[in-house]
Amino acid sequence: MINIGDTAVSEQKIVETVPLDSDKEDSEKKSTSTKKAKSTNQSRGTARAKLIKDQEQKELSLFKDNIYIVFVECETPGNIGFLARTMANFGLKNLVLINPPTLTKEAYYQATHGKYIVENAMIFPTLDDFYQSHRIDFKVASTGMAGGSYNLSRIPIRPEELGQSMNVSNKIAILFGREGNGLTNKEIADCDICVSIPTDPTYPILNISHAAAIIFYEIFKNKHDFGAEGLDESTNLEKKYLLKDMVDLINNLDIPEHKKRNGIKTFNNIISRAFITSREAHTFKGILRRLKNKIGEQ
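Computed from a predicted model, the values in this text were never measured in an experiment.

J.: Could you clarify how one ought to interpret the overall build of the protein in this entry?
T.: Looking only at helices and strands, the protein features 11 helices and seven strands. Classification of the 298 residues of the protein by burial places 32% in the buried group. A separation of at least 24 residues holds for 79% of the contacts in the protein among residues at least 6 apart in sequence. Accessible surface computed for the protein: about 19,500 Å², of which carbon and sulfur atoms make up 52%.

J.: How do you make sense of the pattern of salt bridges when you look at a structure like this?
T.: Opposite charge on two side chains allows them to pair when their charged atoms are near. Evaluated as defined, the whole model comprises 12 salt bridges. Between Glu218 and Lys221 there is a salt bridge; the shortest N-O distance is 3.0 Å. Taken together, the positions of Glu218 and Lys221, both in helix α8 (residues 208-221) and three residues apart, correspond to about one turn of that helix. The class for Glu218 is buried, based on a relative accessible area of 10%. Bridged by salt links that share partners, the residues Lys244, Asp245, Asp248, Lys285, Arg289 and Lys292 form one connected network.

J.: What exactly am I supposed to notice about α8 here?
T.: One turn of an α-helix holds 3.6 residues; hence residues three or four places apart share an orientation. Taking 1.5 Å of rise per residue, 14 residues should cover 20 Å, and α8 covers 20 Å from first to last C-alpha, within 8% of that figure. If you check which residues of α8 are buried, you get Ile208, Ser209, Ala211, Ala212, Ile215, Phe216, Glu218 and Ile219.

J.: Explain the sheet that holds strand β2 (residues 94-98) here, please?
T.: Across a sheet, strands are paired by hydrogen bonds formed along the backbone, either parallel or antiparallel in direction. Across the sheet, seven strands lie side by side as β3-β2-β1-β6-β4-β7-β5; this open sheet has parallel pairing. Two strands lie at the open edges of the sheet, namely β3 (122-124) and β5 (156-157), each paired on one side alone. Sheet topology places strand β4 (residues 138-142) next to strand β6 (residues 172-176); four bridges connect them, and they run parallel. From the neighbouring strand, Val140 faces β6, where its bridge partner is Ile174. Strands β1 (67-72), β4, β6 and β7 (193-195) of the sheet are contacted by α8, whose axis makes an angle of about 155 degrees with β6.

J.: Help me understand helix α9 (residues 236-251), please; the structure alone is not making it clear to me.
T.: Taking 1.5 Å per residue, 16 residues should reach 22 Å; α9 reaches 22 Å between its end C-alpha atoms and fits that length. Listed in full, the buried residues belonging to α9 are Glu238, Lys239, Leu242, Asp245, Met246, Leu249 and Ile250. Seen from one end, α9 has its buried residues packed into an arc of 135 degrees, which puts them on one side. Exposed and facing more than 90 degrees away from the buried side of α9 are Asn236, Leu237 and Lys240.

J.: Please explain a nonpolar patch on the surface as it appears in this structure.
T.: Together, Phe284, Ile287 and Leu291 give the surface a local cluster of nonpolar side chains, amounting to about 240 Å² of exposed area. Structurally, Leu291 is set in helix α11 (residues 278-297). For Leu291, a relative accessible area of 41% puts it in the partly exposed group.

J.: For this particular structure, what's the right way to read the nonpolar core?
T.: Generally speaking, a soluble globular protein has its nonpolar side chains buried in company with each other. Residues Ile67, Ile69, Leu83 and Phe216 are the most contacted members of the largest nonpolar core, which totals 34 residues. At the level of elements, β1, α2 (77-89), β2, α3 (105-111), α4 (115-119), β6 and α8 are the ones that each hand at least two residues to this core. Once residues lying within four places of it in the same chain are set aside, the contact partners of Phe216 are Ile69, Leu83, Thr86, Met87, Phe90, Leu92 and Phe176. By size, the runner-up hydrophobic cluster in this structure holds 16 residues, among which are Phe124, Phe130, Ile136 and Ile188.

About the criteria used
Residues numbered from 1 in each chain as written. Predicted model: local features only at pLDDT ≥ 70, side-chain atom pairs only at ≥ 80, totals over all residues. Heavy atoms only, no water. Helix = DSSP H or I, 4+ residues; strand = E, 2+ residues; numbered from the N terminus. Buried < 20%, exposed > 50% of the residue type's maximum accessible area, 1.4 Å probe, protein only. Contact = heavy atoms within 4.5 Å. Areas by Shrake-Rupley, 256 points an atom, 1.4 Å probe, with all protein chains shown as cover. Salt bridge = Lys/Arg side-chain N within 4 Å of Asp/Glu carboxyl O. Expected span 1.5 Å × (residues − 1). Pairing = 2+ DSSP bridges. Axes fitted to C-alpha atoms, helices over the stretch in contact; angles between N-to-C directions. Arc of directions from axis to C-beta. Patch = residues over 30% accessible without salt bridge, like charges linked within 9 Å, V, L, I, M, F, W, Y side chains within 5 Å. Core = buried A, V, L, I, M, F, W, Y, C linked by side-chain atoms within 4.5 Å.

Okay, structure coming up:
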């Protein structure tokens, strides 16, 4: 019998400590490897985030530099100011005036914070002069009088379609016509596409700044996000977990089965239509969890 403290026991302990030390070294190596992997992943994540941010900045720069807003033979200086103000709201800066009236104080006054756009406006006697001066890749005519298949040059697209399809890497001119008569058939025919805003047929013509605001918004929303954090839409997985918690909660209620099914279906419909944010989904999920725990305690 071997007693505690015998040599054999000591030697056995020494032998046993060898693999333990080895395991420790392996553990340290794994830990170091894991840290390196995490560090590498973090570096890659940081690099990717920077790349995305740089791409967004590039897109913003192209959006501002490559879109030209062309006002053809404006009749009222004040409308130039209103248009400039609307441009400033959506980050546009290139205003082109074709044979405009004299820029009186009214134009600058109505522009308010878009005054700098009026001050830097490019003035040309004709559209052809502008086209020759600037190599425009794509020309968009705006009109309140959309045509049908009988008038090919006036077959329109809607503003949202324009916003979705525009490539701001190209130079794009968006034309707005005279307050009274709009753009001529020839001016529209010279453009690549025609955009029109659906309105009530009893009064289809919009004020130029109102029409511009709708078109600019549709272009802008497809190129930019809100300047705030936490507005990311919840993922499909987050919605599924949210629905699962609601299902568990409803199944714990003492109500008929058909009412449970209707309740689950109704909740699913509401969540599917709501476009809730990720933050809202997590907050709602927390509330449902607390309710489940409360019912479980009773």
